[in-house]
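# Secondary and tertiary structure notes
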Amino acid sequence: MPSSVLNRLTHVASHTRRKPKVVVTRDLGPEIMPLLQNRTDIDMVLWTQESACSRDWLLTNAVGATALIVLADAELFDAAGPQLNVVSTMSVGYEHVDVKEAAKRNIRVGYTPDVLTDAVADIAVMLALMAGRLARETTAIVNEGRWPSYSWAPFLFCGRQLSAPNAKTTRTAGFIGFGRIAHATLARLVPFGFTDCIYFSNPSSAPNPSRDAELSRSISNPNSPNGPITIRRTDELSTIASQSDVVFVLAPGGASTQNIVSTEFLRAMKSTAVLVNASRGSLVDSDALALALREGWIWGAGLDVVAGEPHIGTDHPLVKEPRCVVLPHIGSATFETRLGMARLAVVNALAAVDGKEMEYELKI
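Residues numbered from 1 in each chain as written. Predicted model: local features only at pLDDT ≥ 70, side-chain atom pairs only at ≥ 80, totals over all residues. Heavy atoms only, no water.

## A few points about the overall build of the protein
Threshold: The numbering of helices and of strands both runs from the N terminus, where a helix is a DSSP run of H or I of at least 4 residues and a strand a run of E of at least 2. Exposure categories follow from relative accessible area, calculated using a 1.4 Å probe and restricted to protein chains: below 20% of the type maximum is buried, above 50% is exposed, and the middle band is partly exposed. Here the accessible surface of atoms and residues is derived via Shrake-Rupley with a 1.4 Å probe, and residues count as covered only by protein chains that are part of the display.
Tallying secondary structure elements over the protein gives 13 helices and 12 strands in all. Out of the 364 residues in the protein, the part that is buried amounts to 46%. Accessible area for the protein stands at about 18,600 Å²; split by element, carbon and sulfur atoms hold 54% of it.

## As for the packing of helix H8 (residues 180–189) against helix H9 (residues 209–219)
Inclusion rule: Here the axes come from fitting lines to C-alpha atoms, over the contacting stretch only for helices, and the angles between their N-to-C directions go from 0 to 180 degrees. The sense of a crossing depends on the near helix, which, turned anticlockwise from the far helix by less than a right angle, makes the crossing left-handed and, turned clockwise, makes it right-handed. Only heavy atoms enter the contact rule, under which two residues are in contact if any of them lie within 4.5 Å. Ten residues, namely Ala, Val, Leu, Ile, Met, Phe, Trp, Tyr, Cys and Pro, are considered nonpolar, four, namely Asp, Glu, Lys and Arg, are considered charged, and the remaining ones, Gly among them, are considered polar.
Two numbers describe how H8 lies on H9: the axes approach to 10 Å, and their chain directions differ by 40 degrees. The handedness of the crossing between H8 and H9 is right-handed. On the side of H8, the interface is formed by His183, Leu186 and Ala187, while H9 contributes Arg211, Leu215 and Ile219. Looking at the contact of H8 with H9 residue by residue, the class counts come to four nonpolar, one polar and one charged.

## Some remarks on the UniProt feature "domain: D-isomer specific 2-hydroxyacid dehydrogenase catalytic" (unreviewed entry) in the protein
Cut-off, in case you're wondering: UniProt positions are given in the numbering used here, feature names are shortened, and annotations may be inferred rather than shown by experiment.
The UniProt feature table records "domain: D-isomer specific 2-hydroxyacid dehydrogenase catalytic" (unreviewed entry) at residues 22–361. The distance separating the terminal C-alpha atoms of residues 22–361 is 18 Å; by composition the span is 33% helix and 13% strand.

## Some thoughts on the side chain of Thr117
With respect to the secondary-structure elements, Thr117 resides in helix H6 (residues 117–132). Thr117 sits in the buried class, given a relative accessible area of 10%.

## Remarks on H9
Where we set the bar: This arc is built from the directions going out from the helix axis to the C-beta atoms.
If you check which residues of H9 are buried, you get Asp212, Leu215, Ser216 and Ile219. For H9, the buried positions fall inside an angular range of 100 degrees around the axis, keeping them on one side. Turned more than 90 degrees off the buried face of H9, the exposed positions are Ser210, Arg217 and Ser218. Residues of H9 that are buried make contact with H8, strand E7 (196–200) and strand E8 (230–233).

Put into structure tokens, the structure is as follows:
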């Protein structure tokens, strides 16, 4: 047998005997990393620094990988090679993964829904409270030492109340997107006295009145004088805008939802209403929202996400608006939630490496 052929066969044989290589782009902490470190049947490559890994490091170390945790695009797929089996992302969103390219190459994609539902719902309600009650304006007064210069007055520092002041008052929550996080957010609003819910969902999805009725039964207070909360779907964004006391933006990102909260939408909102975005910054037109706040079309806004993040400086039009609360995308940032997400990202990847069913696999 010619030596060149023998060498090639030896290389192939050694490659097939190699352990599956798992590349991890961030240290996931002492509670999660042992899930990988204790696996003697895999080779793990870890970026150990407390910063995002460099592109060069990722492309170099992806070569020969079976699993990647957590980023992927076509260039990275090419660098990894045809043995790449899975990309596992520590997020509920997957816009940062080239899903179409993954499907073309039969690469499985794992993600982490459900785990962060409660944490994001908490943030959504917190933002509604902060925006309504002028939290940013009033904390600035204290932090800047200006409180002593204010004399008490009957309506000093007054904002808008989230809860219904009495049993005769109705409160309507509007949702753009009505998935798990929206359901959890609505459940948190019921004790505040919310009586109605209107939601706009993916137009291609079929209405599900039985699900809505069951949700209403499960979250409503049976002793409420207003009865169970009313939940209804609308195909008109203008209905969400004009009838809601608080609008929660909780839909996926992408071309179909780009700037879905537009100038037209904001002009249709109540002047006493609050807008909350805890999904993707791309859903809200930042310039239109800044204008709406500046001219008083709406009362306030609470944002956990902003288009162009994290490149949001003090000169950003929304940062300049005192009635706009901007958080640095911390919706899932609790220790409990991030540990759950990290665990699930690792479990998804290892399941694919072992040829098993993943806990959460994106069906492409």
